[in-house]
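Chain and residue survey
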Amino acid sequence: VQLQASGGGLVQPGGSLRLSCAASASAFSISLMGWYRQAPGNQRELVATITSGGTTNYADSVKGRFTISRNNLETTVSLQMNSLKPEDTAVYYCHLKKRLSGGGLANYWGQGTLVTVSS
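These numbers come from a predicted model, not from an experiment.

Scanning the protein chain for helices and strands turns up zero helices and 11 strands. Overall, the protein chain shows an N-to-C arrangement of helices and strands of β-β-β-β-β-β-β-β-β-β-β. In terms of overall dimensions, the protein chain is globule-like: its C-alpha atoms have a radius of gyration of 14 Å, near the 14 Å expected for 119 residues. By its C-alpha atoms, the protein chain is 50 × 30 × 25 Å across when sized along the principal axes. In the protein chain, which comprises 119 residues, the proportion classed as buried is 40%. The contacts in the protein chain between residues at least 6 apart in sequence include a share of 53% that link residues at least 24 apart. For the protein chain, the accessible area works out to roughly 6100 Å², and carbon and sulfur atoms hold 48% of it. Computing the positive centroid from 10 side-chain charges and the negative centroid from 5, the protein chain places the two 8 Å apart.

So, on to the packing of aromatic side chains. In total, this model carries one aromatic pair according to the counting rule given. The interplanar angle of 75° and the centroid separation of 5.1 Å between the aromatic rings of tyrosine 36 and tryptophan 109 together place this pair among those described as edge-to-face. Residue tyrosine 36 is located in strand S4 (residues 30-38), and its partner tryptophan 109 is located in strand S10 (residues 105-109); the two are separated by 73 residues in the primary sequence. Just above the ring of tyrosine 93 sits the side chain of arginine 44; from NZ or CZ to the centre is 3.7 Å.

Turning our eyes to something else, we now look at the environment of tyrosine 108. Tracing the sequence through the fold places tyrosine 108 in strand S10. Judged by relative accessible area, tyrosine 108 falls into the partly exposed class, the value being 24%. Taking the C-alpha atoms as reference, tyrosine 108 lies 5.1 Å from leucine 96; in sequence the two are 12 residues apart. If near-sequence neighbours (up to four positions away) are discounted, tyrosine 108 is found in contact with Val1, Leu3, Cys94, His95, Leu96 and Lys98.

A word on the pattern of salt bridges. Tallying each qualifying case throughout the model produces four salt bridges. Between aspartate 88 and arginine 37 there is a salt bridge, with the nearest N and O atoms lying 2.9 Å from each other. Residue aspartate 88 is located in the loop between strand S8 (76-81) and strand S9 (90-99), and its partner arginine 37 is located in strand S4; the two are separated by 51 residues in the primary sequence. The pair aspartate 88 / arginine 37 is uniform in exposure class, with both members buried. Between aspartate 60 and lysine 63 there is a salt bridge whose closest N-O contact spans 3.1 Å. Taking the relative accessible area as the measure of exposure, aspartate 60 reaches 65% and is therefore exposed.

Mapping serine 29 onto the fold places it in the loop between strand S3 (17-23) and S4. For serine 29, a relative accessible area of 8% corresponds to the buried category. Looking at serine 29, its side chain comes within polar contact range of the main-chain oxygen of serine 26, at 2.8 Å. Not counting the four nearest positions on each side in its chain, serine 29 is found in contact with Lys97, Lys98 and Arg99.

Here is what the cut-offs are and how they apply
Just so you know, the residues in each chain are numbered from 1, in the order the chain's sequence is written. Totals for whole chains, interfaces and linings use every residue, but because this is a predicted model, local features are given only for residues with pLDDT of at least 70 and side-chain atom pairs only at 80 or more, for both listing and counting. Heavy atoms throughout the structure, all of them, feed into the side-chain values; hydrogens and water do not. Runs of E in the DSSP output that reach at least two residues are strands. Runs of H or I that reach at least four are helices, and both are numbered from the N terminus. All radius of gyration figures rest on C-alpha atoms, and the globule criterion is 2.2 Å times the number of residues raised to 0.38. Burial classes: relative accessible area under 20% of the type maximum marks a residue as buried, over 50% as exposed, and values in between as partly exposed (1.4 Å probe, protein chains only). Here, residues are in contact when the closest pair of their heavy atoms is within 4.5 Å. Using the Shrake-Rupley algorithm and a 1.4 Å probe, accessible areas are obtained, with residue cover drawn only from the displayed protein chains. In this charge count, Lys and Arg are treated as positive and Asp and Glu as negative; neither His nor the chain ends contribute. One atom stands in for each charge, and that atom is NZ of Lys, CZ of Arg, CG of Asp or CD of Glu. A pair of aromatic rings is counted whenever rings of Phe, Tyr or Trp (Trp by its six-membered ring) have centres within 6.5 Å, and the orientation is called stacked for planes under 30 degrees apart, edge-to-face for over 60 and tilted otherwise. Charge over a ring is defined by NZ of Lys or CZ of Arg lying within 6 Å of the ring centre and within 35 degrees of the ring normal. A side-chain nitrogen of Lys or Arg and a carboxyl oxygen of Asp or Glu constitute a salt bridge if their distance falls within 4 Å. Under this definition, polar contacts are N or O atom pairs within 3.5 Å; protein pairs additionally need one hydrogen-donor-capable and one acceptor-capable atom, and for neighbouring residues in sequence, both atoms have to be side-chain atoms.

Below is the structure:
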């Protein structure tokens, strides 16, 4: 499975960015997709996830500002980030949890896209 992320960049505080991640996997096999982020000196942390059933989960720090969604084919996940703050600066990683034919789940990660919030 390959994950192709796009949409990072430099934005001023209060601005918006939209990240997208396309997965080379069948929608049927995808259990969950989401975004994590890692700022310098920090551990990777969950930002938002969406399950195959459409259930979303957000970190408290982004609730009300970020929205995760999927496309109709359910193989692309997007993260709309509004009211960005300097503390949102990080490398954002796309994550996918795939159902295995023999049972169980496997985790896949994208290459990361840098989001910088600065004036």
